Every structure is written in structure tokens, then in C-alpha cells.
Amino acid sequence: MRPPTHFGNDITNTEANGDDQQNNNNNNGGGNGGNNNNNHADHIVERLTQMGATINFPKVAGRGIIRVVERCDDAKENNNLDLSECELIQVPDAVYHLMRHTELKTCDLSSNVITKISPKFAVKFSLITDLNLSHNQMARLPDELADLHSLEMLDISHNSFITLPAVVFKMPKLRELKANNNAIIDIDRDEIIASDSLELVDLRHNPLTPMCHDLLKHAVLSFRIELSERVKEDWEDLTECE
């Protein structure tokens, strides 16, 4: 376990947490409303400590951390973990701890600032069928995600991928892959043709090379690929004139 004083910084946007702490300080002078918020935060801190998530959690917790814990509580009831818009920079170890007795079916990590997923994600959440990683800052996925044997839907759109991660073609039940709005230039043809489970791959709004775009557009595959219409570069028009 990381040092308690760094717990919040390791999982959430530090600048946002600083603003939250200032808001909490302002609320302290605001009467019963501020006291109620502090009591609620203290209750969550106490629960985290009791469950072994940390040894000595700070008394004033940012709203992002409180939101994470509350959504973990919700997931214990509905088996759907929604950590979207929680200002996360990674999936915190405390989440794996809180979810250790819950068989999750879906996991939504969208709209955070996550740059990478830990290899242990597939071990801890091995039964999920739907994973949303969209609107983050990822450029790669760990090979261990191939162990998500039940995953059917994967959304990695609106990230920073420059190529489709090879691991997506090793997920045995993956049916739909959303990879639109990335920086994908090319793909491994052998990998994509080797998939037996895929039904749809969304590659719209990616800067595919002309050769890659044409190959995918005319490829005979067992699944559908969605592509944006390619706009010719100025230099291509000049070449045709010659």
C-alpha cells in the first residue's frame, strides 16, 4: 500500500482535489451543511480504514475520492461499476479491494484522465462483459486483458492510440470494438483478419494511411468495419493532374 499521504494523489487529478479541499474548508464555516459533509466524508474514511484500503486516511477527502467509494457501494448492489468522470489517473488499488467480493458485469471508466490500465485489472474483473475506456489518454493496453474471456463490448474511442492494440484480437468473445476518434494510422492486417468473434469494428475519424484505408474498405472479412470517407490530401490531387 502506498503511503497514506499520497493516496488521493495516486488516483485522482491532484489539481481538482486541491479545489475540492478548498471548498470543504469554506464549508466548515457554513453551518450545519458543512458539518454534514464533513461527517459523511469522515464516515467513508473510517470505512476505508476498517476495510484495509489504507492505514491512516486524511480526514478531509476530495469529492472525487468520495464519489469513487459511493459508486463502489452502488456496484455491490447492481454489479455495474461506474467510475466515469471521477478525475481518475488510474484505477486505484482501493477499488480492487472494495470490489473483491463482487462479480462485476460492466465497468465504465470513461471521461477520466487515465493513461494506462494495470495488468491485474483482468484478474480482478475477469467476468465483465462490457468495458468502457473512452475519453481518456491511453495509447496502449496490457496483454493481460486477453484474459477477459467474457468481454463482448470494448470502447477505446477518444483516446491516443496510434495503432489498434493487438490484445483486442485475442479476446475470445469480443463482438464489438469502438476505436473511433483516435490517432490510428495503420493496423496489423494479419491480426484483424484472425479474429473469429468480432462483428463490428468502428474505425471512424482516424488518420488512416491511404493504403490502409483502401485495403480495409475493400477487404472481405467476417465482420463489419466502419470507416469515415477519406479526404484526399492536396498533394494527391496534384499527382493525378500529372
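Keep in mind it's a predicted model, so treat the numbers as computed, not measured.

(A) Looking closely at unusual backbone geometry. Positive phi is not limited to glycine here, since Glu85 has a value of about 55 degrees. By the secondary structure assignment, Glu85 is in the loop between strand E1 (80–82) and helix H5 (93–98). Its relative accessible area of 54% is what places Glu85 among the exposed residues. Of note, the phi angle at His135 is positive, near 55 degrees, even though the residue is not glycine. Positionally, His135 belongs in the loop between strand E3 (130–132) and strand E4 (153–155).

(B) Highlighting the side chain of Asp202. Relative to the helices and strands, Asp202 resides in strand E6 (residues 200–202). Given the relative accessible area of 6%, Asp202 is considered buried. Polar side-chain contacts of Asp202 include one of 2.8 Å to the side chain of Arg204.

(C) Local environment of the side chain of Asn182. Secondary-structure assignment places Asn182 in the loop between strand E5 (176–178) and helix H7 (189–193). Polar side-chain contacts of Asn182 include one of 3.1 Å to the backbone nitrogen of Asn159. Sequence-distant contacts of Asn182, defined by excluding residues within four places in its chain, comprise Ile156, Ser157, His158, Asn159, Ser160, Phe161, His205, Asn206 and Pro207.

What counts, and at which threshold
- Residues numbered from 1 in each chain as written.
- Predicted model: local features only at pLDDT ≥ 70, side-chain atom pairs only at ≥ 80, totals over all residues.
- Heavy atoms only, no water.
- Helix = DSSP H or I, 4+ residues; strand = E, 2+ residues; numbered from the N terminus.
- Buried < 20%, exposed > 50% of the residue type's maximum accessible area, 1.4 Å probe, protein only.
- Polar contact = N/O pair within 3.5 Å; in protein donor to acceptor, adjacent residues only side chain to side chain.
- Contact = heavy atoms within 4.5 Å.

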